[in-house]
Amino acid sequence: MTHAASTDSTPSQPPSYLASWALLAAQAIDSYGLDSRKIFQEAGADLSQLKKQDARFPCQIMARVWHLAVARSRDPFIAIRVAHCFKPGVFGALGMTILASRHVYDALIRVNRFACFIGNAHVSSLQETPTEVAFLLSSKPASKPLSNIYGMSATLCCLYKMLTDISVGKLKVKAVHFEQSLAGRQRLEDFFQCPVFYGACSNKIVLDKSSIFALQAFPQDQLACALDDWLEKHLANHHEKLLSTRVQKILLSQLLYGEVDLTKVASILAMSVRALQRKLQAEGTVYSKLLDDCRKKLSIDLILDNRHQMSEVASILGFSDQSNFTRAFKRWTGTTPLNYRDCNH
């Protein structure tokens, strides 16, 4: 089973990263005894401008920074140094909501959902089998020339560090794959504690499914939901032209007041079902994924409200019966609706 993620870029938007990601790279560069300010300047950027709120950093310049940093440090495994410098705050609200997640699977859902908040050069997705869950980052065709293994390995190393913290040491990684390659892999294999493969079709980290549902010691569900809301509003404010954002708004407004389906959403948007599906696919997502995300959000809100019976919540969200809703909720959160309510009151 694959969960696609929406992307926040349109053809007119150049690929970019959250500026704090570039600042983290600068910190790692300085840890070698180098001058990150000069390296960024040589790459065509002014580090002092990156501390502004909501600043973005062009992928094209970031690619040059990574290559210069590796050349000056003579360390092709700079990703490991970056991971040692990493703190969840680097990812802003996304880092905080990941840390507040109930378990690794919950965190992965959020990473996949909001990956575009960090950078829009790749399309993220989750692939599930009965025994594995893989998080993938695939280069967009227009961004492939800017893609490099130094930045991508840093991304997966930092993600691994966060997920390990959430799992309290119980996380088991089965394999890590990269589209590009380095001269050697032992240091990365020692870091991830699993085999590392080069020349793959996408960049991905493959996790043992049995290790990702262990509840962390201090989950903060209400905080996580509040941060999710902020991220959704932030992305919507910056990317209101995205069709996927408009579809989500319709679903969130319609689900509580009656049946809603693909045909009805297409009618509200004044387009054919086929055109809607085609445009959503161009944005890297599908209607069923958007509906699933909205049902999850509303189900948590309704359950924590404590005024609704489970059968009523199932009916409101369009499930045929309570058992189907319970199965879906357990897939979203790793627990049943009743257990979720009991643990958060």
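Numbers given to residues run from 1 along each chain, matching the order in which its sequence is written. Residue-level local features of this predicted model are given only where pLDDT is at least 70; pairs of side-chain atoms are given and counted only at 80 or more, and the full residue set underlies all totals for whole chains, interfaces and linings. The basis for the side-chain values is all heavy atoms of the structure; hydrogens and waters are excluded.

## Notes on helix α10 (residues 243-254)
Line of reasoning, step 1. Every helix listed is a DSSP run of H or I at least four residues long, and every strand listed is a run of E at least two residues long, numbered separately from the N terminus. Here, expected helix span is obtained from the residue count minus one, scaled by 1.5 Å. The terminal C-alpha atoms of α10 lie 16 Å apart, and with 12 residues this matches the ideal 16 Å at 1.5 Å per residue to within 8%.
Line of reasoning, step 2. Those residues of α10 lying buried are L243, S244, T245, V247, I250 and L251. Burial here depends on accessible area, computed with a 1.4 Å probe over protein chains only, as a share of the maximum for the residue type. Under 20% is buried, over 50% is exposed, and the range in between is partly exposed.

## What about the confidence of the model for the protein?
Line of reasoning, step 1. Here the protein averages 85 in pLDDT, while 90% of its residues score no lower than 70.
Line of reasoning, step 2. The low-confidence segment residues 6-12 (pLDDT under 50) makes 19 contacts with residues lying over four places distant or belonging to another chain. Per-residue confidence from the prediction method is given by pLDDT, with values spanning 0 to 100. Contacts between residues were defined by any pair of non-hydrogen atoms, one from each residue, lying within 4.5 Å.

## Brief notes about the packing of aromatic side chains
Line of reasoning, step 1. Under the pairing criterion, centres of Phe, Tyr and Trp rings, with the six-membered ring standing for Trp, must be within 6.5 Å; the plane angle then separates stacked pairs below 30 degrees from edge-to-face pairs above 60, leaving the rest tilted. Scanning the entire structure with this criterion turns up 15 aromatic pairs.
Line of reasoning, step 2. Ring-pair connections join several aromatic residues into one group, and the members of that group are F319, F325, F329, W332 and Y340.
Line of reasoning, step 3. Charges are assigned to positions over rings by a cutoff of 6 Å between ring centre and Lys NZ or Arg CZ, combined with an angular limit of 35 degrees from the ring normal. A cation sits over an aromatic face here: R81 above Y32, 4.0 Å from the ring centre.

## Points about helix α15 (residues 322-333)
Line of reasoning, step 1. Under the 1.5 Å per step criterion, the end-to-end length of α15 is 16 Å for 12 residues, consistent within 8% with the ideal 16 Å.
Line of reasoning, step 2. Along α15, the residues that are buried comprise F325, A328, F329, W332 and T333. One side of α15 carries all its buried residues, which in axial view fall inside an arc of 115 degrees.
Line of reasoning, step 3. Buried residues belonging to α15 abut α6 (104-118), α13 (287-305), α14 (310-316) and α16 (337-343).
Line of reasoning, step 4. Backbone geometry just downstream of α15 places G334 in the positive-phi region, at approximately 85 degrees. Within this analysis, the arc is defined by the directions that extend from the helix axis to the C-beta atoms.

## Considering the side chain of Q216
Line of reasoning, step 1. Here Q216 lies in the loop between β8 (203-208) and α9 (221-238).
Line of reasoning, step 2. Among the residues examined, Q216 registers a relative accessible area of 14% and is labelled buried.
Line of reasoning, step 3. Any N or O atom pair separated by 3.5 Å or less is treated as a polar contact, with the protein-specific requirement of one donor-capable and one acceptor-capable atom, and with residues adjacent in sequence counted only for side-chain atom pairs. There is a polar contact of 2.7 Å between the side chain of Q216 and the backbone oxygen of L99.
Line of reasoning, step 4. In contact with Q216, other than residues within four places in its own chain, are L99, A100, S101, R102, I166 and V168.

## Describing the packing of helix α2 (residues 36-43) against helix α3 (residues 59-73)
Line of reasoning, step 1. Helix axes are fitted to C-alpha atoms over the stretch in contact, other axes to C-alpha atoms as well, and angles between N-to-C directions run from 0 to 180 degrees. Close contact between α2 and α3 brings their axes to 9 Å; oriented N to C, the two are set at 130 degrees. Classified by the interaxial angle, the pair formed by α2 and α3 is oblique. The interaxial crossing formed by α2 with α3 has right-handed handedness. Every residue of α3 that contacts α2 at I39, F40, E42 and A43 is listed here: I61, R64, V65, L68, A69 and R72.
Line of reasoning, step 2. Taken together, the residues of the contact of α2 with α3 sort by class into seven nonpolar, no polar and three charged. Any angle that is under 35 degrees is reported as roughly parallel, and any over 145 degrees as roughly antiparallel; angles of 65 to 115 degrees are reported as roughly perpendicular and all others as oblique. Should the near helix be turned counterclockwise from the far one by less than a right angle, the crossing is left-handed, whereas a clockwise turn marks it as right-handed. Three residue categories are used. Nonpolar comprises Ala, Val, Leu, Ile, Met, Phe, Trp, Tyr, Cys and Pro, charged comprises Asp, Glu, Lys and Arg, and polar comprises the others, including Gly.

## Considerations on empty space enclosed by the protein
Line of reasoning, step 1. Definitions used for this entry: grid spacing 1 Å over protein atoms alone; cavity, a set of points where a 1.4 Å probe fits but cannot get out; pocket, an open set with protein on both sides within 12 Å along at least 5 of 7 lines; lining residue, one with an atom within 4 Å of a point. Grid points are joined across faces, edges and corners, and a volume is the space filled by probe spheres set on the points. Taken as a whole, this structure holds five cavities of 30 Å³ or more when the rule is applied.
Line of reasoning, step 2. In this model, the second largest cavity occupies a volume close to 90 Å³.
Line of reasoning, step 3. If you list the elements that add at least two residues to the lining of the second largest cavity, you get α6, α9 and α13.
Line of reasoning, step 4. A class-by-class count of the residues in the lining of the second largest cavity yields two nonpolar, no polar and eight charged.

## Let's talk about the pattern of salt bridges
Line of reasoning, step 1. Criterion for a salt bridge: a side-chain nitrogen of Lys or Arg within 4 Å of a carboxyl oxygen of Asp or Glu. This model, assessed by the stated rule, comprises 15 salt bridges.
Line of reasoning, step 2. R110 is the partner of D106 in a salt bridge, and the nearest nitrogen-oxygen pair spans 3.0 Å. Here D106 pairs with R110, and both are found in helix α6, just four residues apart, close to one helical turn. Here D106 and R110 have matching classes, each one buried.
Line of reasoning, step 3. We note a salt bridge from R110 to D228, for which the minimum N-O separation is 3.0 Å. Of this pair, R110 sits in helix α6 while D228 sits in helix α9, and the two are 118 residues apart along the sequence.
Line of reasoning, step 4. R110 gets classed as buried once you look at its relative accessible area, which sits at 4%.
Line of reasoning, step 5. Its relative accessible area of 6% is what places D228 among the buried residues.

## As for a positive patch on the surface
Line of reasoning, step 1. Where like charges cluster on the molecular surface, the positive patch consists of R246, R274, R278 and K279.
Line of reasoning, step 2. Ranked by residues supplied to the positive patch, first place goes to helix α12 (residues 273-282) with three residues.
Line of reasoning, step 3. Along the chain, K279 falls in helix α12. Patch criteria: residues need more than 30% relative accessible area and no salt bridge. Like-charged residues are merged within 9 Å; nonpolar side chains of Val, Leu, Ile, Met, Phe, Trp and Tyr are merged within 5 Å. Throughout, the Shrake-Rupley method with a 1.4 Å probe supplies accessible areas, and for residues the shown protein chains are the sole cover considered. His is not counted, nor are the chain ends, whereas Lys and Arg count as positive and Asp and Glu as negative. Lysine's charge is taken at NZ, arginine's at CZ, aspartate's at CG and glutamate's at CD.

## Here's the deal with unusual backbone geometry
Line of reasoning, step 1. Positive phi is not limited to glycine here, since R74 has a value of about 60 degrees.
Line of reasoning, step 2. Considering the arrangement of structural elements, one finds R74 in the loop between α3 and α4 (78-85).
Line of reasoning, step 3. Judged by its relative accessible area of 75%, R74 is exposed.
Line of reasoning, step 4. Phi angles above zero are rare outside glycine, and A270 is one such case at about 60 degrees.
Line of reasoning, step 5. Its location among the elements puts A270 in the loop between α11 (262-268) and α12.
Line of reasoning, step 6. According to the relative accessible area criterion, A270 is exposed, its value standing at 69%.

## A few points about the environment of M96
Line of reasoning, step 1. Of note, M96 is situated in helix α5 (residues 92-99).
Line of reasoning, step 2. On a C-alpha basis, the gap between M96 and A224 in space is 7.7 Å, while along the polypeptide they are 128 residues apart.
Line of reasoning, step 3. Contact partners of M96, with chain neighbours within four places excluded, come to P88, G89 and L227.

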